[in-house]
Amino acid sequence: MEDVAELAGVSAMTVSRVLNAPEKVRPETRARVLAAVQELGYRPNSAARVLVTGRSGVLGVVSFDTTQYGPASTLYAIERAARQNEYSVSIASLDALNRKSISEGVGRLTSQSVDGVIIVAPHESATDGLRHLPPDLPVVAVDAGEGVPFPVVMVDQHAGAARATRHLLSLGHRTVWHLSGPANWVDASARIAGWRSVLEAEGREVREPLAGDWSARSGHELGRRLAFEDDLTAIFVANDQMAMGLLRALREAGRRVPEDVSVVGFDDIPEAAYFWPPLTTVRQDFATVGRLAFQLVLDRIDGVLGERRLKVEPELVVRESAGVSPPG
């Protein structure tokens, strides 16, 4: 720091202010110090930073099953929001979401002096563990169930599923079948509830949903079971990977999409526009989820308490996999 100060022609205290409270330094001085920092390749000592500011500049994130598109996209969005705000991220990746594993994951992060923790908790089983975290730890959850004693950010899965179902009914289909995600996933349960609520409100027949495991393989297997149902004209699928498997099963059975069967997915993965036919689906705004989660954890770090649940609206993306109901 003294080398930076000498090169920039300022005091070491001014260098510290530029690095920790830049808004308190005149722009021309700040620019001179930052140029010296870059020229010398200076990196602040993290332990010293904690002593001076009381903060490490590190955010902890507890993640689960990032092989899935939703959790992986959520993690990326949080990391990006943190990076844009000059925070680094330390990740604890868990194999299960229960009280013991969550406690151990959070413990690993707090031992690194993180300022706060965001927990991506898409399983109902996580709720108990979330209720038993240290009360003085700034925590925010993403995709958590009800009864969590701190802020939660999530995409409004119920609204997205309802939007997809209404779209299919608006095309003249008498009812809509559903391929759901696995039990115990918060998102899967909310999508079932949204789909069911629209059918019941419209007085339509509600067929028992068939549960997959989010994979294209499970969508294909369930699609083979559904393909020859006489009254099957429309299916809402809980994610795009399962929809991909379903499309193949329907094609193998000689059912045309959308002429015979209409399909709507959920997520809008990057490949969805290139399925054949291009998939109508529900897009989740992960960037907004990450930004809100980061802002809420900063609020908690600053002592702003509350138990808000923020829901981000999804968007129906209409493509060619859903069409008018066939006659008959």
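The preceding data block contains the structure.
The present account deals with the structure reproduced in this document. Everything quoted here is computed from the prediction, not taken from an experiment. (Residues numbered from 1 in each chain as written. Predicted model: local features only at pLDDT ≥ 70, side-chain atom pairs only at ≥ 80, totals over all residues. Heavy atoms only, no water.)

Before going further, it helps to spend a moment on the sheet that holds strand β7 (residues 210-211). The 4 strands lie next to each other as β7-β6-β8-β9, forming an open sheet whose pairing is parallel. The outermost strands of the open sheet, each flanked by one partner alone, are β7 and β9 (262-264). Examined bridge by bridge, strand β6 (residues 177-180) and strand β8 (residues 234-237) share 3 bridges and lie parallel to one another. Within β8, the residue paired with L179 across the bridge is V237. Against the sheet, helix α8 (residues 157-170) touches β8 and β9, its axis set at about 165° to β8. (Pairing = 2+ DSSP bridges. Helix = DSSP H or I, 4+ residues; strand = E, 2+ residues; numbered from the N terminus. Contact = heavy atoms within 4.5 Å. Axes fitted to C-alpha atoms, helices over the stretch in contact; angles between N-to-C directions.)

Across the sheet, 6 strands lie side by side as β2-β1-β3-β4-β5-β11; this open sheet has parallel pairing. Each of the sheet's edge strands pairs with one partner strand only, and the pair in question is β2 (88-94) and β11 (309-312). Here the average twist between neighbouring strands, direction ignored, is 20°. The pairing of strand β3 (residues 116-120) with strand β4 (residues 139-142) spans 4 bridges and is parallel. Bridge assignment links I119 to a residue of β4, and that residue is A141. Across the sheet, helix α5 (residues 69-84) touches β1 (58-64), β2, β3 and β4, and the angle it forms with β1 is around 175°. Sheet contacts for helix α6 (residues 99-110): β1, β2 and β3; angle to β2, the most-contacted strand, approximately 155°.

This paragraph deals with the nonpolar core. Counting residues in each nonpolar core, the largest one holds 50 residues, and the members touching the most others are I102, I119, L130, I235 and V263. Among residues more than four places away in sequence, those in contact with I119 are V62, I102, V106, L130, L133, V139, V140, A141 and V142. One finds L75, V297, L298 and V312 within the second-largest nonpolar core, a separate group that totals 21 residues. (Core = buried A, V, L, I, M, F, W, Y, C linked by side-chain atoms within 4.5 Å. Buried < 20%, exposed > 50% of the residue type's maximum accessible area, 1.4 Å probe, protein only.)

Turning to the side chain of D240, a few remarks are in order. Mapped onto the fold, D240 is located in helix α11 (residues 240-252). No salt bridge is formed by the buried D240. Its closest oppositely charged neighbour is R319, at 6.2 Å. (Lys, Arg positive; Asp, Glu negative; His and termini not counted. Salt bridge = Lys/Arg side-chain N within 4 Å of Asp/Glu carboxyl O.)

What follows is about helix α9 (residues 186-201). In this model, α9 (16 residues) spans 23 Å end to end at C-alpha, consistent with the 22 Å of a helix rising 1.5 Å per residue. Tucked inside the fold, the buried residues of α9 contact β5 (152-155), α8, β6 and β8. Directly after α9, the chain includes G203, whose backbone phi takes a positive value near 70°. (Expected span 1.5 Å × (residues − 1).)

This paragraph deals with the packing of α5 against helix α12 (residues 286-301). Think of two packed helices as two axes; the pair is described by the angle between the axes and how far apart they sit. Relative to each other, α5 and α12 sit at 50°, their axes nearing to 8 Å. Viewed along their axes, α5 and α12 adopt a mutual orientation that is oblique. For the crossing formed where α5 meets α12, the hand is right-handed. Listed contacts from α12 to Y69, G70, S73, T74, A77, I78, A81 and A82 of α5 are F286, A287, V289, G290, R291 and F294. Taken together, the residues of the contact of α5 with α12 sort by class into 9 nonpolar, 4 polar and 1 charged. (Parallel < 35°, antiparallel > 145°, perpendicular 65-115°, else oblique. Left-handed = near helix turned anticlockwise from the far one by under 90°. Nonpolar A, V, L, I, M, F, W, Y, C, P; charged D, E, K, R; others polar.)

This part covers unusual backbone geometry. The linkage connecting V257 with the following residue, P258, adopts the cis geometry, with an omega of 10°. By the element assignment, P258 lies in the loop between α11 and β9. W276 connects to P277 through a cis peptide bond whose omega is -5°. Mapping P277 onto the fold places it in the loop between β9 and β10 (281-283). With a phi angle near 60°, D143 is a residue other than glycine that sits in the positive phi range. Its location among the elements puts D143 in the loop between β4 and β5. Looking at D143, the relative accessible area reads 9%, which means it is buried.

What follows deals with the environment of V312. Mapped onto the secondary structure, V312 falls in strand β11. Note: C-alpha distance between V312 and A159 (153 residues apart in sequence) is 9.8 Å. Filtering out sequence-adjacent residues up to four positions away, V312 remains in contact with V153, M154, V155, D156, D285, T288, V289 and L292.

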